[in-house]
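The residues making up each chain are set out below.
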Amino acid sequence: VAQFLTQEYATREELPRRMFLSVGTLESDQVLGDSASPVSMIQVARGMHEVARDRGIVVDYYEVPGGHDALNPRLVFVRGLRALMNSAAT
């Protein structure tokens, strides 16, 4: 389940041209998936970044220093908004 979206992007024909993706550098202890194949949030994000890039999607990928800190969503929102505004201008 944790890799569902990554698998979808690996096999879909129609994909977006750009995406913004971020994860905290300390998200390695957040385990997703079942006990047979656990993965961390950062592993999922890195895998999604690799698949998207390999499929030709322009990816603004950002690893936020830290985890789910109160300040990080604000920083990520600003960065994501800038990425969106830059893609709309091109």
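Residues numbered from 1 in each chain as written. Predicted model: local features only at pLDDT ≥ 70, side-chain atom pairs only at ≥ 80, totals over all residues. Heavy atoms only, no water.

Colleague: How do you make sense of the side chain of His 49 when you look at a structure like this?
Modeller: Position of His 49 relative to the elements: it lies in helix H2 (residues 41-54). What makes His 49 buried here is its relative accessible area of 17%. Sequence-distant contacts of His 49, that is, excluding residues within four places in its chain, are made with Leu 21, Val 59 and Tyr 61. (Helix = DSSP H or I, 4+ residues; strand = E, 2+ residues; numbered from the N terminus. Buried < 20%, exposed > 50% of the residue type's maximum accessible area, 1.4 Å probe, protein only. Contact = heavy atoms within 4.5 Å.)

Colleague: Would you mind going over the nonpolar core with me for this structure?
Modeller: Soluble globular proteins tend to pack their nonpolar side chains together in the buried interior. Ranked by size, the top nonpolar core spans 12 residues in total: Tyr 9, Met 19, Leu 21, Val 23, Ile 42, Ala 45, Met 48, Val 51, Ala 52, Ile 57, Val 59 and Tyr 61. With 5 residues, the top contributor of residues to this core is H2. Among all residues touching Val 59, those that are not within four sequence positions of it are Met 19, Leu 21, His 49, Ala 52 and Arg 53. (Core = buried A, V, L, I, M, F, W, Y, C linked by side-chain atoms within 4.5 Å.)

Colleague: Even after reading the chapter, I still don't get the packing of aromatic side chains, so can you show me in this structure?
Modeller: Geometrically, a pair of aromatic rings is defined through the distance of the ring centres and the angle of the planes. Tallying each qualifying case throughout the model produces 0 aromatic pairs. In this structure, Arg 79 packs its charged tip against the face of Tyr 62, placed 3.9 Å from the ring centre. (Phe/Tyr/Trp six-rings, centres within 6.5 Å; stacked < 30°, edge-to-face > 60°. Lys NZ or Arg CZ within 6 Å of the ring centre and 35° of its normal.)

Colleague: Explain a nonpolar patch on the surface here, please?
Modeller: Together, Phe 77, Val 78, Leu 81, Leu 84 and Met 85 make up a nonpolar patch on the protein surface, roughly 500 Å² of accessible area in all. Following the sequence through the fold, Leu 84 ends up in helix H3 (residues 72-89). (Patch = residues over 30% accessible without salt bridge, like charges linked within 9 Å, V, L, I, M, F, W, Y side chains within 5 Å. Areas by Shrake-Rupley, 256 points an atom, 1.4 Å probe, with all protein chains shown as cover. Salt bridge = Lys/Arg side-chain N within 4 Å of Asp/Glu carboxyl O.)

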